[in-house]
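Chain by chain, the residues:
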Amino acid sequence: MARLRDEGHQAYLVGGAVRDLLLGNLPKDFDVATDATPEEVRAAFRNSRIIGRRFRIVHVRQGREIIEVTTFRGHHDDPEGAAAAPGKAQRSSRGLLLRDNVYGTLEDDALRRDLTVNALYYDSGTFEVLDHVNGTQDLARRCIRVIGDPWVRYREDPVRMLRTVRFAAKLQFEIHADSSEPIRDLAPLLDDIPSARLFDEFGKLFLSGNGEATLGLLNDLSLLERLFPETAYLTAKSPLYESMLECTMQNTDERIREGKPVTPAFTLAAILWPAVNERRKQLEEQGEHPIPSMHSAGQEIVAASCQRIAIPKRFSLPMREIWEMQLRLGNTRSKKVVEQLKKRRFRAAYDFILLREQAGEDMDGLGKFWTELQEQHPVEQHDPDPAMRRRPRRRGGRQRGPRNSLAD
């Protein structure tokens, strides 16, 4: 910020860092807003690069940190502003912003941001917080409010609906009625969002330590069905599936609070389990054998889910292995039962069984059986996949709840 000011530009700390500091929390990252264009920012910092097409921003590397620098956004619907701007906005027929590189003033930029609590600016030169949208009042009221007309803002970028939920869950704030009212009607607009972007949002929603609260809000606002339609439908019908999903979020949140790593693979395996299990049952009723039916069900559900959320193969393959091992571990009378302890996904599949039991499913003592077998035959667990690598498992001990073990 000092360097940009020295070169004659305005520069402010903006967004989450200012919000967190005002709430007494430690920011995890820092964003800077400036009147300098991306090209001017790039020229001022050698260790930087311009990224993005829809919104062009600059990443400036300072040691191990990356500072995200954005140019003040302008009002794309203002003919005079658009004519003078270096770029122009493009919309889809449904109001979705496809490209928005129209620049403006600090005041314009504040109005172009999504939530009032994320539109606060800190001037490190004067030590002032600048607030053009009553964000400090909403912080005091513990309120999440969309800037401007929510119906328009959600149409511009439907992911804002997910961000509204995410910040409400993260901060434990209430969503203002004006900002929550349009969500149920506009939720179908999420179908227009690229599946890769929704996978990124999935991680922010469920793997940031606020999954349980997020799940409740997504259900209340009819958003879960846009991300995982079959899961939303089946959990609404089955208390057992609903309990399993809640237990998954509780366990994941607890791991994050304890500073333990988590992975999308185990969480997604649990979220999609209702759809996979029901499809497996249908195939068995049609005469298919159990293991092939689980294999086919896993393939079908993953393929269908990827149409909405692009699940990378490094996660989808372990998910399917976890599901298939549910049947293999159910066969406790096999002569090769001890060999299952050496399987690559055994620990994850075992934890998945514990999760099902924790949710209330009657597994006929299956978790206890595999816990005792591990105590009798301790095996060092290995996983050659770097994305799924974990610390060595502690041998022996009493049975514990599921640990999202894929991330250990």
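Anyway, here's the lowdown on the structure attached to this text. (Residues numbered from 1 in each chain as written. Predicted model: local features only at pLDDT ≥ 70, side-chain atom pairs only at ≥ 80, totals over all residues. Heavy atoms only, no water.)

1. Description of the pairing of strand β4 (residues 57–62)
Note the threshold: Strands were regarded as paired on the criterion that DSSP finds at least two bridges between them. Working definition: helices are DSSP H or I runs of at least four residues, strands are E runs of at least two. Numbering for both runs from the N terminus.
In terms of strand pairing, strand β3 (residues 48–51) meets β4 through four bridges, oriented antiparallel. What sits directly across from Ser-48, in β4, is Val-60. Between the end of β4 and the start of strand β5 (residues 65–71), which pair antiparallel, lie two residues, with Gly-63 showing a positive phi angle near 65°.

2. Topic: the sheet that holds β4
Formally: What counts as an axis is a line fitted to C-alpha atoms, over the stretch in contact for a helix, and the angles between N-to-C directions run from 0 to 180 degrees.
Spatially, seven strands are ordered β3-β4-β5-β2-β1-β8-β9 in an open sheet, and the strand pairing comes out mixed. Where the open sheet ends on each side, the last strands, each with one partner, are β3 and β9 (128–131). Sheet twist, expressed as the mean angle between neighbouring strand axes with direction ignored, is 35°. Inspection of the sheet shows strand β2 (residues 31–34) paired to β5 by four bridges, in the parallel sense. Bridge pairing in β5 places Asp-31 opposite Glu-68.

3. Describing the environment of Arg-314
Formally: A simple rule labels every residue: compare its accessible area, found with a 1.4 Å probe on the protein chains alone, to the largest value its type can have, and call it buried under 20%, exposed over 50%, or partly exposed in between.
Within the element layout of this structure, Arg-314 appears in helix α18 (residues 313–330). Overall, the relative accessible area of 47% leaves Arg-314 in the partly exposed class.

4. Regarding the pairing of strand β8 (residues 120–123)
The sheet contact formed by strand β1 (residues 11–14) and β8 spans two bridges and is antiparallel. Across the sheet, Leu-13 pairs through a bridge with Tyr-122, a residue of β8. Pairing geometry for β8 and β9, over four bridges, is antiparallel. Counterpart to Asp-123 in the pairing with β9 is Glu-128. Counted between consecutive antiparallel strands, the loop separating β8 from β9 contains four residues, among which Phe-127 sits at a positive phi close to 60°.

5. Focus: the side chain of Asp-123
Going by this rule: Counted as positive: Lys and Arg. Counted as negative: Asp and Glu, with His and the chain ends omitted from the count. Each salt bridge in this description consists of a side-chain nitrogen of Lys or Arg and a carboxyl oxygen of Asp or Glu lying within 4 Å of one another. A 3.5 Å cut-off defines polar contacts: any pair of N or O atoms within that distance qualifies, except that in protein one atom must be a possible hydrogen donor and the other a possible acceptor, and neighbouring residues in sequence count only when both atoms are side-chain atoms. Residue contacts are defined here by distance: any two heavy atoms, one from each residue, within 4.5 Å place the two residues in contact.
Looking at the element boundaries, Asp-123 is found in strand β8. We note that Asp-123 is buried and unpaired, the nearest opposite charge coming from Arg-5 at a distance of 4.2 Å. A distance of 3.3 Å separates a polar atom in the side chain of Asp-123 from the backbone nitrogen of Thr-126. In this structure Asp-123 touches Arg-5, Tyr-12 and Glu-128, once residues within four positions along its chain are discounted.

6. A look at a negative patch on the surface
Stated formally: Grouping into patches uses exposed residues only, defined as over 30% relative accessible area, and leaves out salt-bridged ones; the cut-off is 9 Å for like charges and 5 Å for nonpolar side chains (Val, Leu, Ile, Met, Phe, Trp, Tyr). Per-residue and other accessible areas follow the Shrake-Rupley method at a 1.4 Å probe size, with only the shown protein chains counted as cover for residues. Note that the charge is assigned to NZ on lysines, CZ on arginines, CG on aspartates and CD on glutamates.
Taken together, the side chains of Asp-6, Glu-7, Asp-35 and Glu-40 define an acidic patch exposed on the protein surface. Mapped onto the elements of the fold, Asp-6 is located in helix α1 (residues 2–6).

7. What about helix α12 (residues 211–220)?
Put simply, the rule reads: What the arc measures is the spread of directions leading from the helix axis to the C-beta atoms.
All of the buried residues along α12 are Gly-211, Thr-214, Leu-215 and Leu-218. Summarising the axial view, the buried residues of α12 lie within an arc of 100°, below the 170-degree limit, and thus occupy one face. Elements that come into contact with the buried residues of α12 comprise α8 (159–171), α11 (195–206), α13 (224–227) and α15 (239–257). Residue Ser-222 follows α12 closely and has a positive phi angle near 60°.

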